[in-house]
Structure formats: structure tokens, C-alpha cells
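Residue-level structural notes
Residues per chain are reported as follows:
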Amino acid sequence: MPAHYNGDEATDEDVAKGISEVQGQDFAPQEFQGCPRQGSVLLVGEPMALFTAECTGSLQDVNEFSASIAGAELNVVVGLTRLGHQAQYVAHVGQDPFGIKIHHFLQQHGIDDSALTVDPHHSTGFMLKSKVTKGDPATAYWRSGSAASAINPQDVEGLDLSGTAIVHITGILPALSASAAAATQALMAHARREHVFLSFDPNLRPALWENAETMRSTLRDLSSQADLVLPGIGEGEELFSVSSVEEIGKAFIDNGARYVVVKDGPRGAYATDGKRSVYVPAFVVSTIVDTVGAGDGFAAGLLSALLESASFAGAMDRACAVGAMQTQVVSDNEGLPTPNLAK
Ligand SMILES: O=C(O)C(=O)C[C@H](O)[C@H](O)COP(=O)(O)O
């Protein structure tokens, strides 16, 4: 049975429903046509230490874990950097070994660390991830009151966006704390004032929200302010109670977004601007090692290709490829490719 980039095993029915070729009317966002690589991508978020189980079983039963670095926005920064793009990363870490490890990670990956704030009063967050042979691993977070949860509007209001082509925000930042939620709104307002393209990945993390309705209403509001929204099919269902890619695309467009790219599980990805739409099939891989990080890889692949003036079909093709490659490793970001591999 084939496995797909997002880790689900595809049933024969999925394969029959899926397509093998690009379908629909391809289109491109006019912002990036004719002037490739005209700026960097700015991300703000929480970097964490990640402890991945060495063997299968419940997190409470596993005794051995291996340490690495994670964080949705950081994964996208790593992906963009590997693909030859410039990414600005704004984050807070604690004055502790995890914070030092994250700092070293940025340096080793050639990522600008000038906007990394070391907070002596709060600790760096961390997470555990289980090992599975099938499906999505379990995760558990220790990030309440973390250094990154102290991110606030002052961290973003004064940012110089003159060299920024895209601000990419995820739905995780506003879930961290009230000040981080205010920072998310402030960053969106700043990007809009400066006419910077705003990309938003809803990245639902129910465990971090007070309740499901606050999560849904906040993420619908943030999605309405973005130029481009990148929901997974399950996220679209959760936010708008509709289930097909077409209905999800329409719901986000009606809500205010200009472009929507829906990640359609084991089948592929779909883009629409409300008038045109195009569907690209996913890549099939023989074995999935770990699904976590595939969505962030998808975002890095998509944004890098759009910055190089790709159409949505071309950008989603690269995005699916990068997501597929990231499923081939245990780490959340070590599978992210360099340009030669991504072609
Ligand atoms: O920052 C968080 O909240 C995390 O959970 C860190 C995870 O490494 C990524 O966010 C993976 O997310 P996907 O690429 O959607 O699988």
C-alpha cells in the first residue's frame, strides 16, 4: 500500500480519487512575477528543544530520547535557508542549555541570530515526540510561561520590513500567550501597512489554546487578514465545517484571503484565488519514517518557489516534494533539502 508525504497510508479508494496529473487552471500570484528573489521571508515564533523517543510506545513508558531542535517557524526558516533564500527569524530563548543549543543550531545552519533574544527570566520550551511505525507521532509540550511566550508587540512593531518580501505567520504564535497573540496582530498590521505579502499557516495546536472556540475564531480572524493561507484539509474542516478542497478554498476566500493552498492529505494540494483553481498530485514515498515537519517543509517549498516566480502548480509541486523528503527522517527539519534535491 503506498504511503504519501503527509504520512497517511493511502487506501485504494484514495488513489482512485486522487489524480496523477495537474488539473484545472494554473495561475500565479502577480506579486512575485518577473522579479525573482526580491527579498527575505520574516518569521516570528517559538524554538524548542525536542526529545524524540528512541523506541515505540507511549511517551510515559519510553526511557530513551534523542535531543534535537524544533519549532514550526524555525523549521520553515531552515527549509528556506537550505533552498537558498534569506529568512529573518525573530524568537526568544531562555538563558539555559536549551537556549544555547538553539543558538548553536542557528549558527550551524547559517541562520541570522541577531533577532534572537535571550530572556534571563523565562526558560526555553521543550517537547517530546513518540516514535511510531504508522500514522502521526504523539507530542507533548512544555511551553507554558516559556521565554517565547513572552514575545510581545514591541518585538515586532519596529521591525524594518524594507527588505522583506513575505511575512509568514503560523497559528501557533497567537496560542502561546496573550502578549504573543497581541504580537501576532501587531505583526500582521505592520506587514499590511508596509504592503508586505502576508502568508499564514493556521497550524492548529488545540493543546495550546484555552478552548476550541477561541482557537477557531482567532484563526479565522488571522486568516482573513492574510494574502495567502495554507490550511491542511483537517484544519479547513475544523475552522469552517466544510470538507472538500473546493469548499475549504471558497470558505477562506469568502473570509478575506486572496489565495488559498489546501494540503489535501494523501492526494495532493489545491490552490484557488476564488476564480481559478489548480490541483497538483502528491508524491508517493515507499516508507514514512516520521510525518512531523512535513507541513513546515511544504510551506518552505511553496514560499521559496513563489519567490522564484513559480506558478501555484509549480510551487505546490515543490512543496509536496519537500514535504515528502521531510517524512524520510526522524528529526523535524533534517530532511529539508537543498535546491539540487528539490528539483
Ligand atoms: O512548533 C510547534 O508547535 C511544533 O509542534 C513543532 C513541530 O516540529 C512542527 O510544527 C511540525 O509541524 P508539521 O510540519 O505541521 O508536522
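Criteria and thresholds
Residues numbered from 1 in each chain as written. Predicted model: local features only at pLDDT ≥ 70, side-chain atom pairs only at ≥ 80, totals over all residues. Heavy atoms only, no water. Pairing = 2+ DSSP bridges. Helix = DSSP H or I, 4+ residues; strand = E, 2+ residues; numbered from the N terminus. Axes fitted to C-alpha atoms, helices over the stretch in contact; angles between N-to-C directions. Contact = heavy atoms within 4.5 Å. Polar contact = N/O pair within 3.5 Å; in protein donor to acceptor, adjacent residues only side chain to side chain. Near = heavy atom within 4 Å. Areas by Shrake-Rupley, 256 points an atom, 1.4 Å probe, with all protein chains shown as cover. Nonpolar A, V, L, I, M, F, W, Y, C, P; charged D, E, K, R; others polar. Buried < 20%, exposed > 50% of the residue type's maximum accessible area, 1.4 Å probe, protein only. Phe/Tyr/Trp six-rings, centres within 6.5 Å; stacked < 30°, edge-to-face > 60°. UniProt positions renumbered as here; feature names shortened; annotations may be inferred.

The name given to the protein in an unreviewed UniProt entry is 2-keto-3-deoxygluconate kinase, with Bombiscardovia apis as the source organism.

Overview of the sheet that holds strand β5 (residues 65-70)
Spatially, β5-β4-β8-β9 is the arrangement adopted by the four strands of the open sheet, whose pairing is mixed. Lying at the two open borders of the sheet, with one neighbouring strand each, are β5 and β9 (139-142). Between one strand axis and the next, the sheet turns through 25° on average, direction left out of account. Both strand β4 (residues 48-56) and β5 contribute to a ladder of six bridges, which runs antiparallel. From the neighbouring strand, phenylalanine 51 faces β5, where its bridge partner is alanine 67. Relative to β5, helix α3 (residues 97-108) is tilted by about 60°, and along the sheet it contacts β4, β5 and β8 (126-131).

Points about the environment of aspartate 227
Its location among the elements puts aspartate 227 in the loop between α7 (212-225) and β12 (228-229). Considered as a pair, aspartate 227 and serine 179 are 48 residues apart in the sequence and their alpha carbons are 24 Å apart. Setting aside its immediate chain neighbours within four residues, aspartate 227 contacts Val196, Phe197, Leu198, Ala257, Arg258 and Tyr259. At a separation of 2.7 Å, a polar atom in the side chain of aspartate 227 contacts the main-chain amide nitrogen of leucine 198.

Quick notes on the site of the ligand
Neighbouring the ligand are 18 residues; Tyr141, Arg143, Arg205, Asp296 and Asp332 lie closest to it. Here alanine 72 contributes a backbone N or O atom positioned 2.9 Å from an oxygen atom of the ligand. Here the ligand, which alone exposes 410 Å², has 90% of that area covered by the protein. Taken together, the elements giving at least two residues each to the shell around the ligand come down to α2 (72-82) and α10 (294-307). Per element, the largest residue contribution to the shell around the ligand is three residues, and it comes from α10. Looking at the shell around the ligand residue by residue, the class counts come to eight nonpolar, six polar and four charged.

Points about the environment of leucine 208
Mapped onto the elements of the fold, leucine 208 is located in the loop between β11 (197-201) and α7. With relative accessibility at 18%, the residue leucine 208 sits in the buried group. Separated by 168 residues in the primary sequence, leucine 208 and serine 40 place their C-alpha atoms 29 Å from one another. With sequence-adjacent residues up to four places away left out, leucine 208 is seen in contact with Tyr141, Arg143, Ile172, Ala175 and Leu176.

Let's talk about the packing of aromatic side chains
In total, this model carries nine aromatic pairs according to the counting rule given. Both rings, one in phenylalanine 32 and one in phenylalanine 197, keep their centres 4.9 Å apart while their planes meet at 70°; by these two values the pair is edge-to-face. You can see phenylalanine 32 sitting in the loop between β2 (23-24) and β3 (40-44) and its partner phenylalanine 197 sitting in strand β11, a full 165 residues away along the chain. Like phenylalanine 32, the residue phenylalanine 197 is buried in the burial classification. Taken together, the ring pairs connect Phe27, Phe32, Phe197, Tyr259 and Phe312 into an aromatic cluster.

Digging into the UniProt feature "domain: Carbohydrate kinase PfkB" (unreviewed entry) in the protein
Residues annotated in UniProt with the feature "domain: Carbohydrate kinase PfkB" (unreviewed entry) correspond here to residues 42-338. Between the C-alpha atoms that bound residues 42-338 the distance is 20 Å, and the span itself is 37% helix and 24% strand.

Considerations on the sheet that holds strand β15 (residues 277-281)
Strand order in the open sheet formed by ten strands is β2-β15-β14-β13-β12-β11-β10-β3-β6-β7, with mixed pairing between adjacent strands. Of all strands in the sheet, those with a lone pairing partner are β2 and β7 (116-119), marking the two edges. The sheet contact formed by strand β6 (residues 87-94) and β7 spans four bridges and is parallel. Across the sheet, alanine 91 pairs through a bridge with leucine 116, a residue of β7.

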